[in-house]
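Letter by letter, the chains look like this.
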Amino acid sequence: MHKFLIRSFVSSLVLLFTLTVAAVAKDVKAAFVYIGPTGDHGWTYQHDVGRKAVEDAGFETTYVEGVPESADAERVLRQLANSGHDIIFTTSFGYMNPTNKVAKEFPNVKFEHATGYKREHPNVATYAARFYEGRTILGTIAGTMTKSNVIGYVASFPIPEVIRGINSFTLAAQKVNPNIKTKIVWAFTWYDPGKEAEAAKALIDQGADVIAQHTDSTAIVQMAEKAGVYAFGQASDMDKFAPKAVLTSVENNWGPYYVDRVKAVANGTWSQKDTWHGIGDGMVVISGLDSQMPSDLQAKVKKLQADLASGKVHSFTGPIYDQKGNLMVAEGKTADDGMLAGMMTYVKGVEGDIPK
Amino acid sequence: MIKIVKRDQPSKAIFFFTPVLAIFLTLIAGGIIFYILGFKPFEALKFFFIVPIADKYGFSELLLKATPLCLIAIGLSFCFKSNNWNIGAEGQLTFGAIVSGGVALLFYDQEGFYILPIVILAGAIGGMIYASIPAILKTYFNTNEILVSLMLVYVSKLILDYLVVGPWSNPEGFNFPETRQFSDSARLPLLFEGLRIHAGIFLALAAVVISWFVFYKTYLGFQMKVSGFSLKTAKYAGYKGKKMIILVFLISGACAGLAGVGEITGPIGQLHREVSPDYGFTAIIVAFLGRLHPVGIIFASLVVAITYLGAETAQIFMQIPKYTGQVFQGMILFFLLASDYLLFFKFKFIGTKK
């Protein structure tokens, strides 16, 4: 009798568990809205890798690629919300207003907007990655590997996200090599292989022997490979596109966050928040280091990576000066998130002005 | 044996039949492409062309999408009918959006009935100013209007980039490339609660009626037609060619500018980098598919609009790559140009001789 009770208790627990799992796996449907094609090997590609992780976790997913940030975004969002999706990830800044607008009409659908700041309704969350931590690593490598002391940097748009990256990169490079200069070319695009390659070419012609990028295509690393200079992969591991040029890549790793959030919807624990994860939480990942890098540099990079992850090292630790020599962050202090979010001045060592 | 013979005169019936044929061939070719990609052709076509407009909301979206296409194509037909190849409607749209957006931003914290008319007028003027550049260069300096108008598209997009990144960017917007949101008085009123179709559709319909009247009931329309057939004849008849060139460019620019106004004061409500998903270029397909006829353009704009919506639905429900929408637009134009062959040539069946 006793045994029977225990057995039935256990079996009903097992049954309950399977039922919950089945219900979870069946019920929640996630949708992803992409700005580019899934084959861009950069921004959108990595979001799609994240989506596949959600599929592997047992959830149904849908995606729409190449959605312009024009009036069309709102229609796509409404259609997804209307067709049984429980959580919708909108993966480009320009979807911010449409996301909030559609969220108001569908209070039962959760919306997750990447890189934005507006959370006008309780069902809108925002998320972004601390890519600048990855750029601290790249700056350290660039400052060590450069011989000409001129480092090129192809930038997209003069927004805090990009300025922060340039600064973090330059500060790290200066730390290992005080003589370096960072030259910037603004491509005014996130993805345009032709323009990006031209920008890289211009920088190489000006003597840059290491090229960093804040645009998404593989054109820059390929141009670097041709010219025989070093480069870094952006968003995904770009080593296979330029095996000699690419020293390492900073990968955007959205999978864990996406799985987490979709599971939260399934468990009913989803709530609005603003997520900003870096190396420590695994949202920013450094790819394998190239063997051309001397072993002491490799060891240094590994240590820096661990220290950034643990919080022992912060990318923006004072003293930090702007181009005119004014103090931005005092000695021993670190920049807070508010300052990072609104960063619109170059640090000392960056050449040129921010386009206004 | 079949022989291909040149027609003495282009057939009028075939002139209006070939667009229908082109759409039909596109559907067949599209079905074949879906089949090769591993999708069920009929199901895919259903998701492409029927599901998106099966409800009230979808139909409103169709009209919303067709409005700028129709408006621009009407404007372009003035140019194309008179042998002026304005390829830069996208630039005129963008510049119209810039000027009207600039005016709307002046009034960002004000309400008033007078704001919207000023904003709309500013957009039309902006489009006209931008279209006048290739027109004046063509008439007075003999430049090629295709190149000038096309290159100015990229210039206009750079101007827009500059403005939304720099001087016009939202002061509270963390320097992201977008302006403030316009006040409600600068927004085109919605026609139905909960749907996005807005009063801009009346601008398009007015353009249709006016253009029909001009084309078929006025001396200007006749002049345009003659110039379209033969510039030499037009000159011989004593028409003032330069004046007409500038006029048709201005009309075309105004229409494109108004399309830009419709986008930013309609569904978007602010200026940012992407005010138009290349409506100005797609409208060229619309103009030709509609045979440069106002009524034809209405139908053509609806057909092309649905390729946009269908591509989204097909991806959401069947995971068909969204870029097939552009493939469809390309195929429509391709089949139209190909079947135009029938306008000038006919097949003649003749008995085989021994």
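Owing to the predicted nature of the structure, the values given are computational and were not obtained by experimental measurement.

**Looking at the interface of chain B and chain A**
Contacts between the two partners involve 21 residues from chain B, matched on the other side by 28 residues from chain A. Among the elements of the structure, helix H6 (145-165), helix H10 (241-268) and helix H12 (294-318) of chain B are those that each provide at least two residues to the side of chain B that touches chain A. Partitioning the side of chain B that touches chain A into residue classes produces ten nonpolar, five polar and six charged.

**Describing the domain arrangement of chain B**
All names here are of chain B. Considered domain by domain, chain B is made up of domain 1 (15-45 + 306-339) and domain 2 (62-292). Relative placement of domain 1 and domain 2: their C-alpha centres are 28 Å apart. Contact with domain 1, which involves ten residues of that partner, is made by seven residues of domain 2. Those elements that place two or more of their residues in the side of domain 1 that touches domain 2 are helix H1 (12-37), H12 and helix H13 (324-339).

**So, unusual backbone geometry**
In the segment running from Gly318 of chain A into Pro319 of chain A, the intervening peptide bond is cis, with an omega of 5°. With a phi close to 65°, Asn83 of chain B is a non-glycine residue in the positive phi region. The exposure class of Asn83 of chain B is partly exposed, given the 16 C-beta atoms found within 10 Å.

**As for the domain arrangement of chain A**
Residue and element names in this part refer to chain A. Split into domains, chain A comes out as domain 1 (11-129 + 254-277) and domain 2 (131-251 + 316-341). For domain 1 and domain 2, the distance between their C-alpha centroids amounts to 30 Å. In terms of residue class, the side of domain 1 that touches domain 2 is made up of four nonpolar, five polar and one charged.

**A look at the nonpolar core**
Counting 198 residues, the largest nonpolar core has Ile211 of chain A together with Ile72 and Ala73 of chain B as its most contacted members. Setting aside its immediate chain neighbours within four residues, Ile211 of chain A contacts Gly152, Val154, Ala200, Leu203, Ile220, Ala224, Val229 and Ala231 of chain A.

**Digging into helix H2 (residues 41-49) of chain B**
Residue and element names in this part refer to chain B. Those residues of H2 that fall on the buried side of the exposure criterion are Ala44, Phe47 and Phe48. Summarising the axial view, the buried residues of H2 lie within an arc of 100°, below the 170-degree limit, and thus occupy one face. Buried-residue contacts for H2 involve H1 and H12.

**A closer look at the sheet that holds strand E1 (residues 29-33) of chain A**
All names here are of chain A. Within the open sheet, the six strands sit side by side as E2-E1-E3-E4-E5-E11. Their pairing is parallel. Each end of this open sheet is capped by a strand with a single partner; those strands are strand E2 (60-64) and strand E11 (274-277). Direction aside, the axes of adjacent strands within the sheet are offset by 20° on average. Here four bridges tie strand E3 (residues 87-90) to strand E4 (residues 110-114), and the two strands are oriented parallel to one another. By the bridge assignment, Phe89 is partnered in E4 with Glu112. Contacts from helix H9 (residues 255-267) reach E1, E3, E4, strand E5 (124-129) and E11 within the one sheet, and its direction differs from that of E3 by about 155°.

**Things to note about the packing of helix H3 (residues 56-81) of chain B against helix H11 (residues 279-289) of chain B**
Residues and elements named next belong to chain B. Their axes nearest at 8 Å, the elements H3 and H11 cross at an angle of 65°. Regarding H3 and H11, the two cross each other, and that crossing is right-handed. Of the residues in H11, those in contact with Pro68, Leu69, Ile72, Ala73, Leu76, Ser77 and Phe80 of H3 are Tyr279, Gly280, Thr282, Ala283, Ile284, Val286 and Ala287. Grouping the amino acids of the contact of H3 with H11 by side-chain chemistry returns eleven nonpolar, three polar and no charged.

**Observations regarding the confidence of the model for chain A**
Chain-level statistics for chain A give a pLDDT mean of 91 and a share of 92% at 70 or above. Confidence drops under pLDDT 50 across residues 15-26 of chain A; counting only partners more than four residues distant or on other chains, this segment forms three contacts.

**Describing the environment of Ala129 of chain A**
All names here are of chain A. Mapped onto the fold, Ala129 is located in strand E5. Given 27 C-beta atoms within a 10 Å radius, Ala129 is considered buried. When the C-alpha atoms of Ala129 and Gly352 are compared, they prove to be 27 Å apart, with 223 residues separating the residues in sequence. In this structure, Ala129 is in contact with Asn252, His277, Gly278, Met283 and Val284, ignoring residues within four places of it in sequence.

**Here's the deal with the sheet that holds strand E6 (residues 150-155) of chain A**
All names here are of chain A. An order of E7-E6-E8-E9-E10-E12 is seen for the six strands of this open sheet, with the pairing classed as mixed. The sheet terminates laterally at strand E7 (181-186) and strand E12 (284-286), the two strands that pair on one side only. Averaged over neighbouring strand pairs, the angle between their axes works out to 20° when direction is ignored. Looking at chain direction, E6 and strand E8 (residues 210-213) are connected through four bridges and run parallel. In the sheet register, Tyr153 faces E8, and the bridge partner there is Ala212. Of the strands in this sheet, E6, E8, strand E9 (230-235), strand E10 (246-252) and E12 touch helix H5 (residues 131-145), which is tilted by about 175° from E10.

Rules and cut-offs
- Residues numbered from 1 in each chain as written.
- Chains lettered and ligands numbered in written order.
- Predicted model: local features only at pLDDT ≥ 70, side-chain atom pairs only at ≥ 80, totals over all residues.
- Contact = placed C-beta atoms within 7 Å.
- Helix = DSSP H or I, 4+ residues; strand = E, 2+ residues; numbered from the N terminus.
- Nonpolar A, V, L, I, M, F, W, Y, C, P; charged D, E, K, R; others polar.
- Domains from an automatic or database assignment.
- Buried ≥ 20, exposed ≤ 12 C-beta atoms within 10 Å, placed from the backbone.
- Core = buried A, V, L, I, M, F, W, Y, C linked by C-beta atoms within 7 Å.
- Arc of directions from axis to C-beta.
- Pairing = 2+ DSSP bridges.
- Axes fitted to C-alpha atoms, helices over the stretch in contact; angles between N-to-C directions.
- Left-handed = near helix turned anticlockwise from the far one by under 90°.
- pLDDT = per-residue confidence, 0-100.

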